[in-house]
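Here is how the chains run, residue by residue.
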Amino acid sequence: TSCDRREGGGGGGDAPSLIAAECKAHHNRVSDRNPHNDPVSESAFNVRSRLLAEDGPATTDISQQDLSCGGHCLICKPKHFPGNMAYFLSVMGVLFIVAGVFTLYGDRQVIQLDTRYDDICPLNSTTDCYVNVTVTQDMTAPVYVYYRLTDVYQNHRKYTSSRDEPQLEGGSGSKHLNKYCSPAAKFDGDTIYPCGLQASSVFNDTINLAVCAKGSQNCTVMEGENWKQEAWPSDVRKFQARALKPTETNTSYFSGEDPNSYQIVPPSDQRLLVWMRCSRAGSHLTKLDRVISNRDLKEGEHLNFRIESKWRNDLFGGEKGLVISTMSWNGGQAKFLGITFVVAGCLAIAVSMIALLWDKLSEREPGQLLYFKVMESRRRGSDVRWYASFRRHLNERRNRYPEAIGLRQLLESREDLSRVHTHTHSKDGSGSGGLGSVRGGDEVKRCVTGPVRVSSAMVY
């Protein structure tokens, strides 16, 4: 490109002169590096690196959005055409459906029994309460026994933070114990050990199990390894019990008038550790109570639970129940996860089919401006038409000079853009506001169409 014919546009105004001068300076820099003015003598990466090192932004790959090391690294840089994206979505949809089918298959391997007992066993009853559950399918050990509560929200912010870690770890408690455990920090002037709303609300119903053979009165009481508590190993190692101090009590904050009605178990009790692992879900709360490790449950056997109901669910109208369940390769029952996978896969395949059909029926090739829609407006119609022509001209120049970096940012604002537009399209040479002659406009047009670099602040 010849940018050195004139430095001034004539007819008044400094804009063409400044633009031509900067264009000439850029032309001199390129000529120094490329004396023969050969557009292919230097690679695009080298030209860009030198230009940016002189007067551009940072030349790092991240700042230039180039992670291919200038074409030297084997990094996949796919073109996001509708056809390519349709194939990608189809593959992802198939993978999601396969994952969902496997998840649902694993869910079908889980055998789960559920029963409610708060309507059978009254609170603080003086007589034994028994709840019978019949095994409907063979359940292979280990079998997990959970207690289920409703309308209990352990995910409340105040509840989850109401505990004192140093006290649970076997220490005397932090100096901010009253603040951390509030309001369950003291009972009748004595410090509660362990303090906090979590420990004071621990589930304290007593549950025992005897397994009776089908059609027989011979029952086996579950104990030892077949009726053990199981908390997280990290919690077992972390929390330690110690003896009560004279100024401490293990009475719960919710014990009411009778201090002996609600006693808190020490931090070494695994039931307390399981309870203090707060549930993320609201309303329905299911906590592991016991594990039957070494005995399979056969179809037709009767599970005879002896329950001593103490936990006050009547205060808020919640329910209490038991859940007996096995595990599969993906844990417990997870129907929602499997259904979500299948639905997401079907949606991905449907969208891919729509995109592929759209791509096949569309006449427009990606990256072409032949179908650029020009807004017919009294004020901005000519601007938009000039902009479409300008973009087509840039594409032609880039096809001819693939090593070129692009268009240098010659204009800093929308006002300058309107000046160049008015000047380059002036027919009588007067321009607008005395910005220059036709010859000055030709210089600007020559400079704009040259193989110079593009800036991220350019209007397009």
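Refer to the structure above for everything that follows.
Residues numbered from 1 in each chain as written. Predicted model: local features only at pLDDT ≥ 70, side-chain atom pairs only at ≥ 80, totals over all residues. Heavy atoms only, no water.

*Asks:* Explain helix α10 (residues 335–361) to me, please; I cannot follow it from the model alone.
*Replies:* Structural remark: α-helix, 3.6 residues per turn; residues separated by three or four positions point the same way. Over its 27 residues, α10 runs 39 Å from end to end, which matches the ideal 39 Å to within 8%, given 1.5 Å per residue. Listed in full, the buried residues belonging to α10 are Gly338, Gly345, Ala348, Ser352 and Leu356. (Helix = DSSP H or I, 4+ residues; strand = E, 2+ residues; numbered from the N terminus. Expected span 1.5 Å × (residues − 1). Buried < 20%, exposed > 50% of the residue type's maximum accessible area, 1.4 Å probe, protein only.)

*Asks:* How do you make sense of the side chain of Lys287 when you look at a structure like this?
*Replies:* As for its placement among the helices and strands, Lys287 is situated in strand β9 (residues 285–292). Summary of buried charges: Lys287 has no salt-bridge partner, and the nearest side chain of opposite charge, Asp235, is 9.1 Å away. (Lys, Arg positive; Asp, Glu negative; His and termini not counted. Salt bridge = Lys/Arg side-chain N within 4 Å of Asp/Glu carboxyl O.)

*Asks:* Is there a simple way to think about a nonpolar patch on the surface in this case?
*Replies:* Taken together, the side chains of Val94, Val98, Phe102, Tyr105 and Trp329 define a hydrophobic patch exposed on the protein surface, amounting to about 580 Å² of accessible area. Secondary-structure assignment places Phe102 in helix α3 (residues 82–108). (Patch = residues over 30% accessible without salt bridge, like charges linked within 9 Å, V, L, I, M, F, W, Y side chains within 5 Å. Areas by Shrake-Rupley, 256 points an atom, 1.4 Å probe, with all protein chains shown as cover.)

*Asks:* Looking at this structure, how should I read the environment of Leu123?
*Replies:* By secondary structure assignment, the location of Leu123 is in the loop between β1 (112–116) and β2 (129–134). For the pair Leu123 and Lys310, spaced 187 residues apart in sequence, the C-alpha separation works out to 5.5 Å. Other than its neighbours up to four places away in sequence, Leu123 contacts Ser309, Lys310, Trp311, Arg312, Asn313, Asp314 and Lys320. (Contact = heavy atoms within 4.5 Å.)

*Asks:* Please explain the pattern of salt bridges as it appears in this structure.
*Replies:* Opposite charge on two side chains permits pairing when their charged atoms draw close. Applying the stated rule across the entire model yields 14 salt bridges. Between Arg148 and Asp114 there is a salt bridge, with the nearest N and O atoms lying 3.2 Å from each other. Note that Arg148 is positioned in strand β3 (residues 143–149) and Asp114 in strand β1, a separation of 34 residues in sequence. A residue is classified by how much of its surface remains accessible, and Arg148, at 12% relative accessible area, is buried. Taking relative accessible area as the criterion, Asp114 reaches 45% and is therefore assigned partly exposed. Linking Glu225 and Lys228 is a salt bridge whose minimum nitrogen-to-oxygen distance equals 3.5 Å. According to the relative accessible area criterion, Lys228 is partly exposed, its value standing at 27%. Within this structure, Arg116, Asp118 and Glu319 form a network of salt bridges that share partners.

*Asks:* How should I be thinking about the sheet that holds strand β11 (residues 320–325) in this particular structure?
*Replies:* Backbone-to-backbone hydrogen bonds join strands into a sheet, with any given pair of strands oriented parallel or antiparallel. Pairing in this open sheet of 4 strands is antiparallel, and the strands run β1-β11-β3-β9 from one edge to the other. The open sheet has two edge strands with one neighbour each: β1 and β9. Strand-to-strand, the axes of this sheet are offset by a mean angle of 20 degrees, without reference to chain direction. In the sheet, β3 pairs with β9 via 7 bridges, with the strands oriented antiparallel. What sits directly across from Arg148, in β9, is Thr286. (Pairing = 2+ DSSP bridges. Axes fitted to C-alpha atoms, helices over the stretch in contact; angles between N-to-C directions.)

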